[in-house]
Amino acid sequence: QVQLVESGGGLVQAGGSLRLSCAASGLTFSSVDMGWFRQAPGKEREFVARISRSGASTYYADSVKGRFTISRDNAKNTVYLQMNNLNSEDTAVYYCAASTSYMIQTATRQYNTWGQGTQVTVSS
(Lines give C-alpha, C1' and ligand atoms only; values in the text may rest on other atoms or scores of the structure.)
Protein backbone atom coordinates (compact mmCIF):
# COMPACT_ATOMS: atom_id res chain seq x y z
CA GLN A 1 0.00 0.00 0.00
CA VAL A 2 1.02 3.64 -0.38
CA GLN A 3 2.92 4.87 2.62
CA LEU A 4 4.66 8.09 3.61
CA VAL A 5 6.87 8.06 6.70
CA GLU A 6 8.27 11.26 8.16
CA SER A 7 11.34 11.47 10.38
CA GLY A 8 13.77 14.04 11.72
CA GLY A 9 11.57 15.97 14.09
CA GLY A 10 12.62 16.87 17.61
CA LEU A 11 13.36 19.60 20.09
CA VAL A 12 15.55 22.50 18.97
CA GLN A 13 16.39 25.92 20.35
CA ALA A 14 15.23 29.07 18.63
CA GLY A 15 17.59 29.96 15.83
CA GLY A 16 18.52 26.34 15.28
CA SER A 17 17.97 24.00 12.35
CA LEU A 18 16.35 20.67 11.60
CA ARG A 19 16.01 18.56 8.48
CA LEU A 20 12.86 16.52 8.03
CA SER A 21 12.69 13.52 5.72
CA CYS A 22 9.72 11.74 4.21
CA ALA A 23 10.23 8.30 2.70
CA ALA A 24 7.62 7.10 0.21
CA SER A 25 6.71 3.56 -0.76
CA GLY A 26 4.00 1.88 -2.79
CA LEU A 27 3.80 4.63 -5.40
CA THR A 28 5.73 5.92 -8.39
CA PHE A 29 7.47 8.72 -6.54
CA SER A 30 8.58 10.63 -9.62
CA SER A 31 4.94 10.86 -10.74
CA VAL A 32 3.71 12.89 -7.78
CA ASP A 33 4.26 16.38 -6.46
CA MET A 34 5.13 16.48 -2.78
CA GLY A 35 4.20 18.92 -0.08
CA TRP A 36 4.86 19.68 3.55
CA PHE A 37 2.17 20.93 5.91
CA ARG A 38 2.13 21.63 9.62
CA GLN A 39 -0.44 21.75 12.37
CA ALA A 40 -0.01 23.51 15.68
CA PRO A 41 -2.24 22.73 18.68
CA GLY A 42 -5.67 24.26 18.26
CA LYS A 43 -4.96 25.41 14.72
CA GLU A 44 -5.82 24.14 11.27
CA ARG A 45 -3.30 22.30 9.15
CA GLU A 46 -1.41 24.82 7.04
CA PHE A 47 0.67 24.67 3.89
CA VAL A 48 4.44 24.99 4.26
CA ALA A 49 6.12 24.05 0.97
CA ARG A 50 5.63 22.12 -2.22
CA ILE A 51 7.92 20.63 -4.86
CA SER A 52 7.16 19.44 -8.36
CA ARG A 53 7.73 15.93 -9.69
CA SER A 54 11.15 16.69 -11.12
CA GLY A 55 12.17 19.01 -8.31
CA ALA A 56 12.55 21.92 -10.70
CA SER A 57 9.71 23.95 -9.22
CA THR A 58 9.15 24.84 -5.58
CA TYR A 59 6.66 27.02 -3.72
CA TYR A 60 6.65 28.24 -0.12
CA ALA A 61 4.33 29.82 2.38
CA ASP A 62 5.33 33.39 3.12
CA SER A 63 5.95 32.50 6.75
CA VAL A 64 8.82 30.15 5.87
CA LYS A 65 10.20 31.69 2.70
CA GLY A 66 13.94 32.25 2.98
CA ARG A 67 14.23 29.95 6.00
CA PHE A 68 12.95 26.58 4.76
CA THR A 69 14.05 24.62 1.69
CA ILE A 70 12.16 21.70 0.17
CA SER A 71 14.03 19.19 -1.98
CA ARG A 72 13.62 15.64 -3.22
CA ASP A 73 15.68 12.67 -4.30
CA ASN A 74 13.66 10.58 -6.71
CA ALA A 75 16.25 7.82 -6.66
CA LYS A 76 15.65 7.45 -2.91
CA ASN A 77 11.88 8.11 -2.99
CA THR A 78 12.43 10.78 -0.38
CA VAL A 79 11.47 14.41 0.08
CA TYR A 80 13.22 16.71 2.54
CA LEU A 81 12.47 19.90 4.39
CA GLN A 82 15.50 21.82 5.61
CA MET A 83 14.41 24.26 8.30
CA ASN A 84 16.77 27.03 9.40
CA ASN A 85 16.45 29.92 11.84
CA LEU A 86 13.56 28.22 13.62
CA ASN A 87 11.35 30.14 16.01
CA SER A 88 8.59 29.24 18.44
CA GLU A 89 5.91 29.81 15.81
CA ASP A 90 7.34 26.87 13.84
CA THR A 91 6.37 24.47 16.63
CA ALA A 92 3.91 21.98 15.15
CA VAL A 93 3.42 18.49 13.84
CA TYR A 94 4.82 18.39 10.32
CA TYR A 95 3.22 16.21 7.65
CA CYS A 96 4.34 15.27 4.18
CA ALA A 97 1.81 14.57 1.47
CA ALA A 98 1.68 13.40 -2.12
CA SER A 99 -0.40 14.95 -4.88
CA THR A 100 -1.28 13.78 -8.37
CA SER A 101 -2.51 17.26 -9.27
CA TYR A 102 -0.59 19.32 -11.81
CA MET A 103 -1.43 22.63 -10.19
CA ILE A 104 0.52 24.38 -7.43
CA GLN A 105 -1.04 22.64 -4.46
CA THR A 106 -1.42 24.64 -1.26
CA ALA A 107 -4.69 23.16 -0.01
CA THR A 108 -5.00 19.91 1.91
CA ARG A 109 -7.76 18.71 -0.42
CA GLN A 110 -5.28 18.69 -3.31
CA TYR A 111 -3.21 15.94 -1.72
CA ASN A 112 -4.10 12.26 -1.96
CA THR A 113 -1.82 10.60 0.56
CA TRP A 114 -0.51 11.75 3.95
CA GLY A 115 2.13 10.65 6.39
CA GLN A 116 1.57 10.26 10.12
CA GLY A 117 3.50 13.39 11.04
CA THR A 118 6.59 14.26 13.05
CA GLN A 119 6.71 16.67 15.98
CA VAL A 120 8.91 19.76 15.82
CA THR A 121 9.26 21.77 19.01
CA VAL A 122 11.21 25.02 19.12
CA SER A 123 12.17 26.31 22.54
CA SER A 124 12.77 30.00 23.12
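Anything mentioned here points back to the structure above.
What comes next is a walk through the structure.

### Some details on the sheet that holds strand β7 (residues 68-73)
What the four strands build is an open sheet, ordered β1-β3-β8-β7; its pairing is antiparallel. Of all strands in the sheet, those bounded by a partner on one side alone are β1 (3-7) and β7. Recorded for the sheet is a direction-independent mean angle of 15° between the axes of neighbouring strands. Note that β1 and strand β3 (residues 18-25) share five bridges and pair antiparallel. Opposite glutamine 3, over in β3, you have serine 25 as the bridge partner.

### So, the environment of valine 32
Inspection of the secondary structure assignment puts valine 32 in the loop between β3 and β4 (33-39). Using a relative accessible area of 7% as the deciding quantity, one classes valine 32 as buried. Sequence spacing of valine 32 and glycine 10 is 22 residues, and the spatial spacing of their C-alpha atoms is 27 Å. Residue contacts for valine 32: discarding those within four places in its chain leaves Leu27, Arg53, Arg72, Ala98, Ser99 and Thr100.

### Observations concerning the state of the cysteines
Scanning the entire structure with this criterion turns up one disulfide. A sulfur-sulfur separation of 2.0 Å characterises the disulfide bridge that pairs cysteine 22 with cysteine 96. Taking the sign of the S-S torsion, about 50° here, the bridge from cysteine 22 to cysteine 96 comes out right-handed. Pair noted here: cysteine 22 is in strand β3 and cysteine 96 is in strand β9 (residues 92-99), with a separation of 74 residues, a long-range link. Take cysteine 22 and cysteine 96: they sit in the same class, and that class is buried.

Reading guide: rules and limits
Residues numbered from 1 in each chain as written. Predicted model: local features only at pLDDT ≥ 70, side-chain atom pairs only at ≥ 80, totals over all residues. Heavy atoms only, no water. Pairing = 2+ DSSP bridges. Helix = DSSP H or I, 4+ residues; strand = E, 2+ residues; numbered from the N terminus. Axes fitted to C-alpha atoms, helices over the stretch in contact; angles between N-to-C directions. Buried < 20%, exposed > 50% of the residue type's maximum accessible area, 1.4 Å probe, protein only. Contact = heavy atoms within 4.5 Å. Disulfide = S-S within 2.5 Å.

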